[in-house]
Amino acid sequence: MAEDIKSLDDLKSAVEGTPAAAPVEAPREPQRDALGRSYATGKRKDAVARVWIKPGSGKVTVNGKEMAKYFARPVLQMILRQPFQIANVEGQFDVMATVAGGGLSGQAGAVKHGISKALQLYEPALRPALKAAGFLTRDSRVVERKKYGKAKARRSFQFSKR
């Protein structure tokens, strides 16, 4: 090596002169449609949710019904509120979702996934908090298939000695 690099300043000046120095990646741009909404698709088990969010009073509509009517169990309502609590934007966005497939638990998880993805598309600054909580990752766990010669996926038929 022609010159010795003994400090970080020497390293910085050496790197700036080379063409291999890549430009810093630009921050993400918000993605909104003509109506000021962000759209995302959420999935969980067999459920698929299409989610639109826009600034509003915190009203959540699922398949044309309010959240409390569609998801009657408090646990499912809590699941839907989690992305807003993590991002500290409770009551600031209206949600309109259509969900199909699976059961209520899977549908709640799909809407939560869709809300999280739509929030980070609407406001990219919310992405680190949602990513750290694991809300942007699709939960890929699905029901294991039934195998032949078995009663269920893993359960064997009852053994009879005689």
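Relevant structure appears above.
By convention here, each chain's residues receive numbers from 1 onward along its written sequence. Only residues with pLDDT of at least 70 get local features here, since the model is predicted, and only at 80 or more are side-chain atom pairs given and counted; chain-wide, interface and lining totals rely on the full set of residues. Computation of side-chain values: all heavy atoms of the structure, hydrogens and water removed.

**Topic: the sheet that holds strand 3 (residues 60-62)**
Spelled out, the test is: Pairing between strands is defined by DSSP: at least two bridges between them are needed. The helix and strand labels rest on DSSP assignments: H or I over at least four residues marks a helix, E over at least two residues marks a strand, and numbering proceeds from the N terminus.
Across the sheet, which stays open at both edges, the five strands sit in the order 1-2-5-3-4 with mixed pairing between neighbours. Lying at the two open borders of the sheet, with one neighbouring strand each, are strand 1 (38-44) and strand 4 (65-66). As defined by bridge partners, strand 3 adjoins strand 4 across two bridges and the pair is classed as antiparallel. Within strand 4, the residue paired with T61 across the bridge is E66.

**Some points on the packing of helix 3 (residues 74-87) against helix 4 (residues 104-122)**
Counted only if it meets this: For helices, the axis comes from a line fit to the C-alpha atoms of the stretch in contact; other axes are also lines fit to C-alpha atoms, and the angle between any two N-to-C directions lies between 0 and 180 degrees. Angles below 35 degrees are treated as roughly parallel, those above 145 as roughly antiparallel, those between 65 and 115 as roughly perpendicular, and all remaining angles as oblique. The contact definition used throughout considers only heavy atoms, calling two residues in contact when any of these lie within 4.5 Å. Under the scheme applied here, ten amino acids are nonpolar (Ala, Val, Leu, Ile, Met, Phe, Trp, Tyr, Cys and Pro), four are charged (Asp, Glu, Lys and Arg), and all others, including Gly, are polar.
Axis separation between helix 3 and helix 4 bottoms out at 9 Å; the angle between their running directions is 10°. In terms of orientation, helix 3 and helix 4 fall into the roughly parallel class. On the side of helix 3, the interface is formed by L76, I79, L80, Q82, P83 and F84, while helix 4 contributes L104, S105, A108, G109, V111, K112, I115, S116 and L119. When grouped by side-chain class, the residues that make up the contact of helix 3 with helix 4 number 10 nonpolar, four polar and one charged.

**Considerations on unusual backbone geometry**
What counts is decided by this rule: When accessible area is computed with a 1.4 Å probe and restricted to protein chains, residues below 20% of their type maximum are described as buried, those above 50% as exposed, and intermediate ones as partly exposed.
Although it is not a glycine, N63 sits at a positive phi angle of roughly 50°. Structurally, N63 is set in the loop between strand 3 and strand 4. One non-glycine residue, N88, lies in positive phi territory at about 55°. Summarising the element assignment, N88 is placed in the loop between helix 3 and strand 5 (93-100). By relative accessible area, which is 64% here, N88 ends up exposed.

**Topic: the packing of aromatic side chains**
Just so we agree on the cut-off: Aromatic contacts are taken between Phe, Tyr and Trp rings whose centres are within 6.5 Å, Trp giving its six-membered ring; a plane angle under 30 degrees counts as stacked, one over 60 as edge-to-face, and the others as tilted. For a Lys NZ or an Arg CZ to count as sitting over a ring, it must be within 6 Å of the ring centre and within 35 degrees of the ring normal.
Summed over the entire model, instances satisfying the criterion amount to three aromatic pairs. It is R32 that lies over the ring of Y122; its NZ or CZ is 3.8 Å from the centre.

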